[in-house]
Amino acid sequence: MSKEFYCPLPFKHAYVENEGIAACCQTPRYKVPLNEWVSHPKLLELQQALLDNKVTDVCQGCFKQEELQGQSLRTNSLRDYNNKRFTETDIDFIDFRSFNICNFKCRSCNPQFSHGIGQEVKNNPKLKRYFGSVTESKTVSVDDENVNWIKDNLHSLKRIMFTGGEPTRIPGVKLLIEQIRNNYPDIQVLITSNASFQDDFWYDLTKTFPNLHWTVSIDAIGDAASIIRHGSNWDIIEKNVRWLAKHSYSLDINTVVTNLNIFHLGQVLEFGREMQKQSATPLGKNGDLGCRHQFHICTRPYHLSADNLSEDLLASANVYLQELTTLDLDTEQSQMLDGLIQQISNASYSANLWEKQHDYNVQLDNIRNENHTILYEVQK
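First, a word on scope: everything that follows refers to the structure included in this document. Note that the structure is a prediction, hence the values are computed from the model and not measured. (Residues numbered from 1 in each chain as written. Predicted model: local features only at pLDDT ≥ 70, side-chain atom pairs only at ≥ 80, totals over all residues. Heavy atoms only, no water.)

Using the criterion set out here, one finds 16 aromatic pairs in the structure. With a centroid separation of 4.9 Å and an interplanar angle of 55°, the aromatic rings of Tyr130 and Tyr360 are classed as tilted. Of this pair, Tyr130 sits in the loop between helix H6 (115-123) and helix H7 (144-152) while Tyr360 sits in helix H15 (residues 351-368), placing them 230 residues apart in sequence. Note on accessibility: Tyr130 and Tyr360 belong to one class, buried. Between the aromatic rings of Phe263 and Tyr320, the centroid separation amounts to 5.7 Å while the plane-to-plane angle is 45°, which identifies the pairing as tilted. (Phe/Tyr/Trp six-rings, centres within 6.5 Å; stacked < 30°, edge-to-face > 60°. Helix = DSSP H or I, 4+ residues; strand = E, 2+ residues; numbered from the N terminus. Buried < 20%, exposed > 50% of the residue type's maximum accessible area, 1.4 Å probe, protein only.)

Rendered as structure tokens:
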């Protein structure tokens, strides 16, 4: 652990979704309105722990990610706030997940963020064991009280992030972004998207709104993407990402590494580097790279953890990942790869977890008419 474990998010940020409010996406949600969140006992408790340099249980996700990869949501947030240390609550950044409406059903996702997965679980009760409690409705939304708070407080915000679900498919997101562009152009708008959009609105917005940042989720390339991120049309996604690389003022590529895409990371890394080189223009806000390729190494749910592999696949993954170190990689890609190699090297085979992974994916195969086992064929 670093000498000082401090995070600005509990002081400056509110995570807003249908299950409640939280300090960030990795901490517990509480069913309170936003106007009461700033004085919530759990928030105050977390803030004091950070001021006392204590790593609480709810911060273990970042702590472990930093041990493996050297960075986390916490370290990224410190960078965003120029390593400033805050002691009082002053919310200027909202992570707004208004609906779980999504046109994808990613294997590493859940009903909370995809109404399509919610519908699958509703129609196939055996899937419930993988997701715990599942809402009876296939779509869920944020309380109107919190939506109205955000609209009424735009004047005090510096950043708002739209995720979901898929924000380019969510009703109301376009109207709110237009309100921001027309009346509060200094607010930085961040959109996390699966890059499947085809509406001219998003292309026009990108060209005309310099304070727009895109993060696109790329976990696999081509045919593998259609299994890992069900609903993908790679031709559309690739076209959009290449367009964004050339035209957006700010772009990140985000990759979630699970045991499903271990053997497809080479293609993803090379695609990320290619997009960085295409976007290395004065428009880019990430220096010479033009765009950042960031990673989240999956540890939960445990059956999808990046190191939950059979004994044979653990050995194959070690060889494959070592080979990838010879690729032309940026610093963050290299750090991710080194940490993942160490994680895989230290992993122990768990028959129970591997069986659970197999059962989960076979059920999805049967529902979606797919074959996930082809994902374990090493891609060159």
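Next comes the rest of the account.
Glancing now at the side chain of Ser114. Turning to its location among the elements, Ser114 is positioned in the loop between strand E4 (105-106) and H6. Judged by its relative accessible area of 1%, Ser114 falls in the buried class. The residues touching Ser114, leaving out its near neighbours within four places in the chain, are Asn100, Cys102, Phe104, Lys105 and Cys109. (Contact = heavy atoms within 4.5 Å.)

On to unusual backbone geometry, then. Residue Gly165 is reached from Gly164 by a cis peptide bond, and omega for that bond is 5°. Inspection of the secondary structure assignment puts Gly165 in the loop between strand E5 (159-162) and helix H8 (173-183). Going from Arg300 to Pro301, the amide bond is cis rather than trans, its omega being 0°. Within the secondary structure layout, Pro301 lies in the loop between strand E10 (291-297) and helix H13 (311-324). Its identity as a non-glycine residue notwithstanding, Asn369 has a phi of 60°, on the positive side. Along the chain, Asn369 falls in the segment after H15.

Right, let's get into the pattern of salt bridges. On inspection of all chains with the given rule, the structure shows 21 salt bridges. The shortest N-O distance in the salt bridge between Arg229 and Asp219 comes to 3.4 Å. A residue pair is termed long-range when its members are at least 10 positions apart, and Arg229 in strand E8 (residues 229-230) and Asp219 in the loop between strand E7 (212-217) and helix H10 (223-228) qualify at ten residues. Like Asp219, Arg229 is buried. Through salt bridges with shared partners, a single ionic network connects Lys12, Asp90 and Asp92. (Salt bridge = Lys/Arg side-chain N within 4 Å of Asp/Glu carboxyl O.)

On their own, these measurements won't tell you what the molecule is for.
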